[in-house]
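Residue strings, one per chain:
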Amino acid sequence: MHQPLLTNRIFEELKIGDSASLERTIGRDDIDLFASVSGDYNPAHVDPEFAAKDFFGHIVAHGMWTAALVSSVLGTRLPGPGTIYLGQELQFRKPVSPGDTITAKVTVKEKRPDRNIVLLDTRCTNQHGEEVLLGTATVIAPSERIAWPQSAPTAIAVQRHNRFDPIVEEARALPLAKTAVVHPCSPEAIQAAVEIREEGLFDPILIGPDAKIRAAAEKAGVALNGFEIIAVEHSHAAAARGAELAAACKVSTLMKGSLHSDELLGAVVAAGSGLRTERRISHVYMMDVPAYSKLLAVTDAAINIAPSLEQKRDICQNAVDLMHMLGLVEPKVAVLAAVETVNDKMQATLDAAALTVMSSRGQITGAKVDGPLAFDNAINLDAARTKGIVSPVAGQADILLVPDLEAGNMLAKQLIYFAGADAAGLVLGARVPIILTSRADSVKVRIASAALAKLVAARNAQHGLAPL
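Please read all numbers here as calculations on a predicted model, not as lab measurements.

Draft legend 1. View of the overall build of the protein. Secondary structure assignment for the protein yields 15 helices and 18 strands. Against the 2.2 N^0.38 benchmark of 23 Å for 468 residues, the protein shows a C-alpha radius of gyration of 29 Å, more extended than a compact globule. A principal-axis box enclosing the C-alpha atoms of the protein has dimensions of 90 × 60 × 35 Å. Taking all 468 residues of the protein together, the buried fraction comes to 49%. Summed over all atoms, the accessible surface of the protein reaches about 22400 Å², with 52% contributed by carbon and sulfur.

This is the structure in structure tokens:
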């Protein structure tokens, strides 16, 4: 396949009145990409809520995006490759809005033999023929002929992560609740506690060795003014004390600090803890995947290593209940396996078929459950249609129920690192939700995890499980 050539016009060839142009339609992605590259995050360009109250009443493109079209014409068409841009006078006449089609045109208006200087009229118009930009460009035109292969356009995707925003806003609107931050003895754990307090989500109680907590706060550069600290000797005691506070309804959630997850969860499920329910506890990653059309839950990727069929039923129901809390009346659950047909040599397919039947008989409630489904036909309608799969779930899953922890953990991390997903983690099935955060989590993810926990705690309070 031959690449198109970029050719230039040398100084001697240029005539007064020579012109060239290009046309581009601007979309929201173009505006966001320009903001990212330039660092110009003026809310008039990127924030619809702010822009609605601004002068134009809606988002407008950066003026320099339009000016960049002029630069493109000069550098690729007239005079073309080898042109040196010396200066540009600009007048911005009208705003450019998403959806506008802009034509950038340059016209030679003066030649100066000294140094091959050329002045060009620069003009940009919208689809209505209205001038949005006027000006004059000063360039040094090339003196040698150049024909150069045009580089292939770079494929760039804009990733938007805003599906957690309504969850955080709803959680903020609820009364401030208490959470026990168990063993916050690292700067990251202390910082997480500060963040959820500043966001108006929780009033954290810090449980752990006093000296270690204060040392971590000093290292993080944060003050502990206003924090309640319950001093205990070590992480095991912190986990036990946190569970006691939750069982006594003095906190509505637990939040993992800098201890191992097993240590905290061991205190929660211990006999006599008062936090166990008839359900098995399980972990849900609520994922904002830019390439997917909605929030997607992956479960269980952190707690249950090789769950039995009955345990998978609980894992599924925990995730379904979470989706109900988020307003989804009948979430679609795809029970994943390597293939979408039942194979007696693959236990995951047998479990998936059994869970499908269990759902139809009311052993899993409030959801459409189908499986086995492979990952592609669980989340992609075209893939499901290609395989001839007729299913109320295929291609549009809300929940991905994985065969075991290894598969779930690998899937979740692939979505995070390859697909750019944000993943808020939560442990369900106990009388209180448990926030599990990682040092690698962004602030947004930590806030989203806390917001989910607050909503679950509020639901528990409504059902008499754990008063706020």
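Draft legend 2. Fine view of the pairing of strand S10 (residues 228–231). Judged from the four bridges that link them, strand S9 (residues 202–208) and S10 form a sheet pairing that is parallel. Within S10, the position partnered with Ile205 by the bridge is Glu228. Read as a crossover between parallel neighbours, the route from S9 over helix H7 (residues 210–220) to S10 is right-handed.

Draft legend 3. Molecular detail of the pattern of salt bridges. Taken as a whole and assessed by the stated rule, the structure comprises 22 salt bridges. Taking the shortest distance from any N to any O, the salt bridge between Lys312 and Asp351 comes out at 2.9 Å. Linking Lys312 in helix H10 (residues 309–325) with Asp351 in helix H11 (residues 347–360), this pair joins segments that are 39 residues apart in sequence. Pair check on accessibility: Lys312 and Asp351 agree, each one buried. Between Lys387 and Glu340 there is a salt bridge, with its nearest N and O atoms 3.2 Å apart. One end of the pair, Lys387, is in the loop between helix H13 (381–386) and strand S16 (399–401); the other, Glu340, is in the loop between strand S14 (332–336) and H11, and 47 residues separate them in sequence.

Draft legend 4. Summary view of the packing of aromatic side chains. In total, this model carries one aromatic pair according to the counting rule given. Between the aromatic rings of Phe55 and Phe56, the centroid separation amounts to 5.0 Å while the plane-to-plane angle is 90°, which identifies the pairing as edge-to-face. For Phe55, a relative accessible area of 72% puts it in the exposed group. Lying over the aromatic face of Phe227, Arg197 brings its terminal NZ or CZ to 3.8 Å of the ring centre.

Draft legend 5. Up close: the nonpolar core. Ile190, Phe202, Leu206, Met286, Leu322, Val333 and Leu452 are the most contacted members of the largest nonpolar core, which has 55 residues in total. The dominant element in this core, judged by the number of residues it contributes, is helix H15 (residues 443–462), at eight residues. Excluding residues within four positions of it along the chain, Leu322 makes contact with Val284, Met286, Leu428, Leu452, Val456 and Arg459.

Draft legend 6. Local environment of unusual backbone geometry. Here Thr299 and Asp300 are connected by a cis peptide whose omega angle stands at 0°. Position of Asp300 among the secondary structure elements: in the loop between strand S13 (296–299) and H10. A cis geometry characterises the amide bond from Gly371 onward to Pro372, with omega recorded as 5°. Structurally, Pro372 can be placed in strand S15 (residues 368–373). Here Arg115, not a glycine, exhibits a phi torsion of approximately 65°, which is positive. Residue placement: Arg115 occurs in the loop between strand S4 (101–112) and strand S5 (117–125). A relative accessible area of 54% means that Arg115 is categorised as exposed.

Draft legend 7. Spotlight on H10. Between its first and last C-alpha atoms H10 spans 25 Å; for 17 residues at 1.5 Å apiece the expected length is 24 Å, and the two agree. Positive backbone phi, at 100°, marks Gly327, one or two positions downstream of H10.

Draft legend 8. H15, seen in detail. With 20 residues, H15 ought to run about 28 Å at 1.5 Å a step, and its terminal C-alpha atoms sit 29 Å apart, in line with that. Along H15, 15 of the 20 residues are buried, which leaves the element largely enclosed by surrounding structure.

Draft legend 9. Broad picture of the sheet that holds strand S8 (residues 177–182). Strand order in this open sheet of eleven strands is S10-S9-S8-S11-S18-S17-S12-S13-S16-S14-S15, and the pairing throughout is mixed. Since the sheet does not close on itself, it has two edges, and those belong to S10 and S15, each with one partner. Bridge count between strand S12 (residues 282–288) and S13: three bridges; the pairing is antiparallel. Looking at the pairing, Met287 lines up with Leu296 of S13. Each of S8, S9, S10 and strand S11 (253–256) is contacted by helix H8 (residues 235–247), which is oriented at about 140° to S9, the strand it contacts most. Strands in contact with helix H9 (residues 261–269) are S8, S11, strand S17 (422–428) and strand S18 (434–435); relative to S11, the strand with the most contacts, it is inclined by about 160°.

Each value, and the rule that gives it
Residue positions are given per chain, counted from 1 along the sequence in the order it is written. Where totals are concerned, whole chains, interfaces and linings use all residues; where local detail is concerned, this predicted model gives features only for residues with pLDDT of at least 70, and gives and counts side-chain atom pairs only at 80 or more. By convention in this description, side-chain values take in all heavy atoms of the structure and omit both hydrogens and water. The helix and strand labels rest on DSSP assignments: H or I over at least four residues marks a helix, E over at least two residues marks a strand, and numbering proceeds from the N terminus. The atom set for the radius of gyration is the C-alpha atoms, and the globule formula is 2.2 Å times the number of residues raised to the power 0.38. Accessibility here uses a 1.4 Å probe with only protein chains present; expressed as a share of the type maximum, an area under 20% marks a residue as buried, one over 50% as exposed, and anything in between as partly exposed. All accessible areas in this document rest on Shrake-Rupley with a 1.4 Å probe, and a residue is counted as covered only by the protein chains that are shown. Two strands form a pair only when DSSP identifies at least two bridges running between them. We call a crossover right-handed when, viewed with the strands running away from us, the connection from the first strand over the helix to the second turns clockwise. Counted as salt bridges are all cases of a side-chain nitrogen of Lys or Arg within 4 Å of a carboxyl oxygen of Asp or Glu. Each pair of aromatic rings taken from Phe, Tyr and Trp, with Trp reduced to its six-membered ring, is defined by centres within 6.5 Å and is described as stacked if the planes are under 30 degrees apart, edge-to-face if over 60, and tilted in the remaining cases. The rule is short: NZ of Lys or CZ of Arg within 6 Å of the ring centre and within 35 degrees of the ring normal puts a charge over the ring. Buried Ala, Val, Leu, Ile, Met, Phe, Trp, Tyr and Cys residues that are joined via side-chain atoms within 4.5 Å together make up what is termed a nonpolar core. Here, residues are in contact when the closest pair of their heavy atoms is within 4.5 Å. Helix span, expected: 1.5 Å multiplied by one less than the number of residues in the helix. Where helices are involved, their axes are fitted lines through C-alpha atoms of the stretch in contact, as for all axes, and angles between N-to-C directions lie from 0 to 180°.

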